[in-house]
Amino acid sequence: MCGITGVVGVTPDEPTLRRMTDLLAHRGPDDAGVYLGEGVGLGSRRLSILDLSSAGHMPMSNADGTVWIVHNGEVYNYLELREELTGYEFRSHTDTEVILHAYEAWDEACVERFNGMFAFAIWDTRKKRLFAARDRLGIKPFYYYLDGERLLFASEIKSLLAAGIPRKANDRIIYDYLVYGYYEHSEETFFDGCLQLPPGHCLT
């Protein structure tokens, strides 16, 4: 389990991004990091499993620093995919780096090749584009908020609240929960305007 955060559309101030990220320390006690670029910020709290070394540090970039990734979860078939990705230099033994190079090789179609439980976000500095995805069963969480100026995302809603989104209740979802016992049956959450990426979906 890891924790990921991000801000896209405006360059966030580093203290806010670190505050968003540090709230997820329980998800990733082994390492922490942030990346700040023009109009983007990414944060990660890492639980080291596949590669215990510092080579697995996130946010992680490709060799020339043009593509960045934060990732929560595990791609089970990463070793098979790594063998397919000839021509790419690997600096770690992580599945995160396999996702990164798979994106370079196959663009957004890379997600069709992944077998696992995951939520990740990739920032492509060349295209000024964020690409995010959630596994088919929705095992790993991905929450986001759009306010017309920026996109915020995180593994847990409290990180979005730390970035200053409105703390307004979503009466529709509260009603569904109290009357029918339903929750996580739609993109909406208990917080108005805060959405979750549905299982098996991507966000660009």
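Before any of the text, the structure's been laid out above.
Undergrad: How do you make sense of the overall build of the protein when you look at a structure like this?
TA: Looking only at helices and strands, the protein has five helices and 11 strands in total. Relative to its length of 204 residues, the protein is compact, with a C-alpha radius of gyration of 17 Å against a globular reference of 17 Å. Counting only C-alpha atoms and orienting by the principal axes, one finds that the protein spans roughly 55 × 35 × 30 Å. Burial status across the protein gives 52% buried among its 204 residues. Counting contacts in the protein only where the partners sit at least 6 residues apart, residues at least 24 apart contribute 56% of the total. Surface summary for the protein: the accessible area is close to 9600 Å², and the carbon and sulfur share equals 51%. For the protein, the centre of its 20 positive side-chain charges and the centre of its 30 negative side-chain charges are spaced 3 Å apart.

Undergrad: I tried to follow the packing of aromatic side chains on my own but got confused; where do I start?
TA: Two aromatic rings are characterised by how far apart their centres lie and by the angle between their planes. Within this structure, the stated rule accounts for 11 aromatic pairs. The rings of Y103, F114, F118, F120 and F131 are connected pair by pair, giving a single aromatic cluster. For R113, the ring lying beneath its charged end belongs to W106, and the centroid distance is 3.7 Å.

Undergrad: Teacher, can you tell me more about the sheet that holds strand β8 (residues 143-146) here?
TA: Either a parallel or an antiparallel arrangement is found when strands of a sheet pair, and the pairing is made through backbone hydrogen bonds. Strand order across the open sheet formed by six strands is β2-β3-β1-β9-β8-β10, with antiparallel pairing between neighbours. Edge strands, defined here as strands with exactly one partner in the open sheet, are β2 (31-37) and β10 (194-196). Averaged over all pairs of adjacent strands, the angle between their axes in this sheet comes to 15°, without regard to strand direction. Where β8 and strand β9 (residues 151-154) come together, four bridges link them in antiparallel fashion. Residue pairing across strands places Y145 opposite L152, the latter belonging to β9.

Undergrad: What exactly am I supposed to notice about helix α3 (residues 95-106) here?
TA: In an α-helix, one turn spans 3.6 residues; hence positions three or four apart end up facing the same way. An ideal rise of 1.5 Å per residue puts 16 Å on 12 residues; α3 measures up with 16 Å between its terminal C-alpha atoms. Within α3, nine of the 12 residues are buried, leaving the element largely enclosed by the surrounding structure. Those residues of α3 that fall on the buried side of the exposure criterion are D95, T96, E97, V98, I99, L100, H101, A102 and Y103. Backbone geometry just after α3 places D107 at a positive phi near 55°.

Undergrad: It is not clear to me how the pattern of salt bridges should be interpreted in this structure. Could you clarify?
TA: As a working rule, side chains carrying opposite charge can pair if their charged atoms are close by. Counted under the stated rule, the structure contains 13 salt bridges. When the shortest N-O distance is used, the salt bridge between K128 and E38 registers 3.9 Å. Taken together, the residues K128 in the loop between β6 (116-124) and β7 (129-134) and E38 in the loop between β2 and β3 (40-46) connect sequence positions 90 residues apart. Overall, the relative accessible area of 48% leaves K128 in the partly exposed class. Residue E38 is classed as exposed on the basis of its relative accessible area of 67%. D107 is paired through a salt bridge with K127; the nearest N and O atoms lie 2.8 Å apart. On the criterion of sequence distance, the pair formed by D107 in the loop between α3 and β6 and K127 in the loop between β6 and β7 is long-range, its members being 20 residues apart. Taken together, the salt bridges that share partners define one network made up of D107, E108, K127 and R129.

Definitions and cut-offs
- Residues numbered from 1 in each chain as written.
- Predicted model: local features only at pLDDT ≥ 70, side-chain atom pairs only at ≥ 80, totals over all residues.
- Heavy atoms only, no water.
- Helix = DSSP H or I, 4+ residues; strand = E, 2+ residues; numbered from the N terminus.
- Rg over C-alpha atoms; globule rule 2.2 N^0.38 Å.
- Buried < 20%, exposed > 50% of the residue type's maximum accessible area, 1.4 Å probe, protein only.
- Contact = heavy atoms within 4.5 Å.
- Areas by Shrake-Rupley, 256 points an atom, 1.4 Å probe, with all protein chains shown as cover.
- Lys, Arg positive; Asp, Glu negative; His and termini not counted.
- Charge placed at Lys NZ, Arg CZ, Asp CG, Glu CD.
- Phe/Tyr/Trp six-rings, centres within 6.5 Å; stacked < 30°, edge-to-face > 60°.
- Lys NZ or Arg CZ within 6 Å of the ring centre and 35° of its normal.
- Pairing = 2+ DSSP bridges.
- Axes fitted to C-alpha atoms, helices over the stretch in contact; angles between N-to-C directions.
- Expected span 1.5 Å × (residues − 1).
- Salt bridge = Lys/Arg side-chain N within 4 Å of Asp/Glu carboxyl O.

On their own, these measurements won't tell you what the molecule is for.
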